[in-house]
Amino acid sequence: MIENSGQSEPDATTGPVLAFHNVSIAFDGPPVLEDVTFSVAPGETRILLGPAGVGKSVLLKLANGLLRPDQGSVELFGEEIASLPEEQLFPLRTRTGMVFQEGALFDSLTVRDNVAFQLIQERVPDEEIDRRVRDALSFVELEETFDLYPASLSGGMRRRVAIARAFIRQPELLLYDSPTGGLDPLTSTTIIELIVKERDVYHTPSLLVTHRIQDAILLCTHRFDPAHGHMIPLPQGETDAGTTFLMLEEGRLIFDGSLHELVKSTNPFVREFLL
Amino acid sequence: MAIIMIEKHAKNLILTVQDYSIFSWRAFMNLFRPPIYWPEFLVQADIIGVGSLSIVVLSGLSTGGVLALQSAATLSAFGATAITGQFVSLTMIRELGPVLTGVMVSGRNASSMASELGSMVVTEQIDAMRALGVDPMRKLVTPRIFATIAMLFFLTIVANACGIAGGGLVTVFMNHQDGVQYFSKAWEALRYPDIIQGLVKPLFFGYILSSIGCFYGMRTTGGTEGVGRSTIQAVVWASVLIIFVDFLLTQVLLTFFPPL
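Keep in mind that what you see is a predicted model, and the values were worked out from it rather than measured.

Definitions and limits used
Residues numbered from 1 in each chain as written. Chains lettered and ligands numbered in written order. Predicted model: local features only at pLDDT ≥ 70, side-chain atom pairs only at ≥ 80, totals over all residues. Axes fitted to C-alpha atoms, helices over the stretch in contact; angles between N-to-C directions. Helix = DSSP H or I, 4+ residues; strand = E, 2+ residues; numbered from the N terminus. Parallel < 35°, antiparallel > 145°, perpendicular 65-115°, else oblique. Left-handed = near helix turned anticlockwise from the far one by under 90°. Contact = placed C-beta atoms within 7 Å. Nonpolar A, V, L, I, M, F, W, Y, C, P; charged D, E, K, R; others polar. Core = buried A, V, L, I, M, F, W, Y, C linked by C-beta atoms within 7 Å. Buried ≥ 20, exposed ≤ 12 C-beta atoms within 10 Å, placed from the backbone. Pairing = 2+ DSSP bridges.

## What to know about the packing of helix α7 (residues 192–218) of chain B against helix α8 (residues 223–256) of chain B
Residues and elements named next belong to chain B.
Turning to step 1, where the next piece is worked out: Across the interface, α7 lies against α8 with an axial gap of 9 Å and an inter-helix angle of 155 degrees. Classified by the angle between their axes, α7 and α8 sit roughly antiparallel to one another. Helix-helix and strand crossings are classified by hand; for α7 and α8 the assignment is right-handed. Between α7, through Gln197, Val200, Lys201, Phe204, Phe205, Ile208, Leu209, Ile212, Gly213, Tyr216 and Gly217, and α8, the contact on the second element is made entirely by Ser230, Gln233, Ala234, Trp237, Ala238, Leu241, Ile242, Val245, Asp246, Leu249 and Leu253.
Turning to step 2, where the next piece is worked out: Of the residues assigned to the contact of α7 with α8, the class counts are 15 nonpolar, 5 polar and 2 charged.

Here's what the structure looks like:
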């Protein structure tokens, strides 16, 4: 049974950016996801929690059509994508930005060409590409990596470059696949700060997958302070209203609501996860 | 138990053939539909064509030399060593040039395509490309196939020339025969149908080795171990298919161009 606060109801005027309706998928075995229904409204940040192996990354790949559900439907920007041919999915995907678990940078390309990958395909003039790449790298505070290859970057730097690549075209939806997975606490905080900055500066709706509850709480209880250029905590007891939570247990969505509802949840799996 | 295993393997084989058919059809149709990524084509043409030149030259020279050595020994029994040039040139141009070049290039490039694309799959670079709105089939697979077909055609010509030259060197310096006679026989024996046969084959072999290399690369699963497995399968299947298709093609081409 899903606990649902109703906070994630889509904006009545514009509709959800992303909506899953009774989505199920399996790979040669028991279902990885079963009957999953939720939506992401404009300006909303949804954090999908769950331990490793519950289908979080699969869900994220269903969101932009990298995988197709066995049952149910996925609506991206109001279009049903589950049955859309691959060719028609490419233009829709260019409106989204995705940050992969390990960055998934193209190791034969420089940081500049990685970040500018979409712009290069669109034959944007070189001068404009350089300017926009420098802006994007400045956002993630990695201007000095412009000419470097991914092999010479640390794990945290790769994630930051991946974030720059994801939002260089100002996408209408951002998908983060465990952006802090495998990173040390200090680097994780840097990545979360970038996500908070992106959320509060550009208000791009996003779906973030993580198994780290501390990152999720940090995201929800902090805001970006443009005056000082860093993340600061919200007043005691306040949370970001646009940041809500989902939780998966063995492929089923068992929670959908705010941080307050999450910490007050009586579901034994949620309780155990929060401990 | 054994029957279940046979059934499972048979189903896997049929599924692989079906997947390959769909994959190679899509790749083939992409050759004629824009966008065609010309810069990627040129890069691949350099890697496949220029990069394979040394092994093709060496294998061509050696094969021509071996043919001259072996044929001279046999032909001398009939007092027909004068036709060594004819034997070497016809064998190289009609059969060994295209097949050897195909097998050599598949050993080098089908493996590199499978491992490169396989590594991209397991590190999610292929998914990242799709997520960025670019079709990996068009961006990665089609330029490789296009470049391999074009380059294998020219590499086969180089292998043929080197093979005839290698045969000539052996004929003159080891068999102590007349070089002018060797080359004039090699030239006189050639007819246009022989050349057409020899130049049609690399078009098919180039398509086979590149599509197999890309196919196994793009369906890699199971991390770095899976990349190794894909590489082996790509080289084995590309080489076997080249030899098998050579047999079929020779049958068909001999129907169109019967021997005199």
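## What to know about the nonpolar core
Turning to step 1, where the next piece is worked out: Counting residues in hydrophobic clusters, the biggest one holds 79 residues, and the most contacted among them are Leu48(A), Ala63(A), Val115(A), Val161(A) and Ala164(A).
Turning to step 2, where the next piece is worked out: No other element matches the 7 residues that helix α6 (residues 155–167) of chain A contributes to this core.
Turning to step 3, where the next piece is worked out: What Leu48(A) contacts, discounting residues up to four positions off in sequence, is Lys56(A), Leu59(A), Leu207(A), Leu208(A), Val209(A), Leu246(A) and Leu248(A).
Turning to step 4, where the next piece is worked out: Grouped together as the second largest cluster of nonpolar side chains are 52 residues, Val88(B), Cys214(B), Tyr216(B) and Met218(B) included.

## Digging into the sheet that holds strand β3 (residues 31–40) of chain A
Each strand in a sheet pairs with another by means of backbone hydrogen bonds, the pair being arranged parallel or else antiparallel.
Residues and elements named next belong to chain A.
Turning to step 1, where the next piece is worked out: Pairing in this open sheet of 4 strands is antiparallel, and the strands run β3-β2-β5-β6 from one edge to the other. Unpaired on one side and paired on the other, β3 and β6 (79–80) mark the two borders of the sheet.
Turning to step 2, where the next piece is worked out: Inspection of the sheet shows strand β5 (residues 71–76) paired to β6 by 2 bridges, in the antiparallel sense. Among the inter-strand pairings, leucine 76 is bridged to a residue of β6, identified as glutamate 79.

## As for the environment of Phe205(B)
Turning to step 1, where the next piece is worked out: Structurally, the position occupied by Phe205(B) is in helix α7.
Turning to step 2, where the next piece is worked out: Residues Phe205(B) and Ser106(B), spaced 99 residues apart in sequence, show a C-alpha to C-alpha distance of 9.0 Å.

## Focus: the pairing of strand β9 (residues 206–210) of chain A
All names here are of chain A.
Turning to step 1, where the next piece is worked out: Counting buried residues in β9 gives 5 out of 5 residues, a clear majority hidden from the surface.
Turning to step 2, where the next piece is worked out: Residue alternation in β9 divides its side chains into two sets, Ser206, Leu208 and Thr210 and Leu207 and Val209, and both sets are buried.
Turning to step 3, where the next piece is worked out: When strand β4 (residues 45–49) meets β9, the two strands line up parallel, connected through 5 bridges. In the strand pairing of β9, arginine 46 is matched with leucine 207.

Such coordinate-based values are descriptive only and should not be taken to indicate function.
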